[in-house]
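# Summary of the model geometry
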Amino acid sequence: MPVVTEILPARNSAQRRRIYLDEKFAFVCHLNVVARFRLRQGLVLSAEQVEAIRQGDIRQDCFDRAMRHLSQRLHSRMELRTKLMRHQFPHDIIAGVLDDLQRMNYLDDERFAQEKARFSMERKHNGRRKTRIDLLKAGVQQADAENALAQVYAGSASLDAARALAERHAPRLRKLDLQVGRRRLFGLLQRRGFSYDEAKPLIAEFLGRADDD
């Protein structure tokens, strides 16, 4: 069985080490992996242990990649799985890393749904319907999506978001023929997930009433 004969710093990373077995270079692994497997000079390893160390290093790389994505913004479990698959990590390692992140509270689809819904309404001025579609596309379960929508769009929040969107676009649309401007504002509000009942009074408020109102 091979013996660890040297552990040297990697040339391009302070967080990685070059491992030599029987005085021959064998592999590079993360410092966390060195600590986890208690690698040291003179340690005798079985073939199974060597393979476990290699798999442990792949898992560490997968975990580090996931944390980099999470440091940029919250992700749903499905979103993060999709991104990790693009880096060609094995499926079982991805699943294990996602489970670890969920236990550590870095992944929480319920919290993700609420924050994504709030951002969609407050910053993008999207309606409930558009936000629901976006949540489901992100892999949020139906129950989590509906709970988030109920909290975020409570009271007058949905109408307030629609009014903010109409107010932003109204100056440009007022320059158009009244009927054209009204159709375009209605189309915009509809695409952004607002209902007819929400859109109709706002069109009248910002662009004026038509004869058939």
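Data block above holds the structure.
Residues numbered from 1 in each chain as written. Predicted model: local features only at pLDDT ≥ 70, side-chain atom pairs only at ≥ 80, totals over all residues. Heavy atoms only, no water.

It is worth spelling out the packing of aromatic side chains at this point. Under the defined criterion, the tally for this structure stands at two aromatic pairs. Judged by centre distance (5.7 Å) and plane angle (70°), the ring pair of Tyr20 and Phe25 falls under edge-to-face. Taking relative accessible area as the criterion, Tyr20 reaches 15% and is therefore assigned buried. Ring centres of Phe186 and Tyr196 lie 6.0 Å apart, and the angle between their planes is 75°; on these two criteria the pair is classed as edge-to-face. With a gap of ten residues between them, Phe186 in helix H9 (residues 178-191) and Tyr196 in helix H10 (residues 196-207) connect regions that are remote in the sequence. We classify Tyr196 as partly exposed; its relative accessible area is 48%. (Phe/Tyr/Trp six-rings, centres within 6.5 Å; stacked < 30°, edge-to-face > 60°. Buried < 20%, exposed > 50% of the residue type's maximum accessible area, 1.4 Å probe, protein only. Helix = DSSP H or I, 4+ residues; strand = E, 2+ residues; numbered from the N terminus.)

Met121, Leu135, Val140, Leu185, Leu189 and Phe194 are the most contacted members of the largest nonpolar core, which has 28 residues in total. Among the elements of the structure, helix H5 (109-122), helix H7 (142-152), helix H8 (157-173), H9 and H10 are those that each provide at least two residues to this core. The element best represented in this core is H8, accounting for seven residues. (Core = buried A, V, L, I, M, F, W, Y, C linked by side-chain atoms within 4.5 Å.)

Keep in mind that these numbers describe shape and distance, not what the molecule does.
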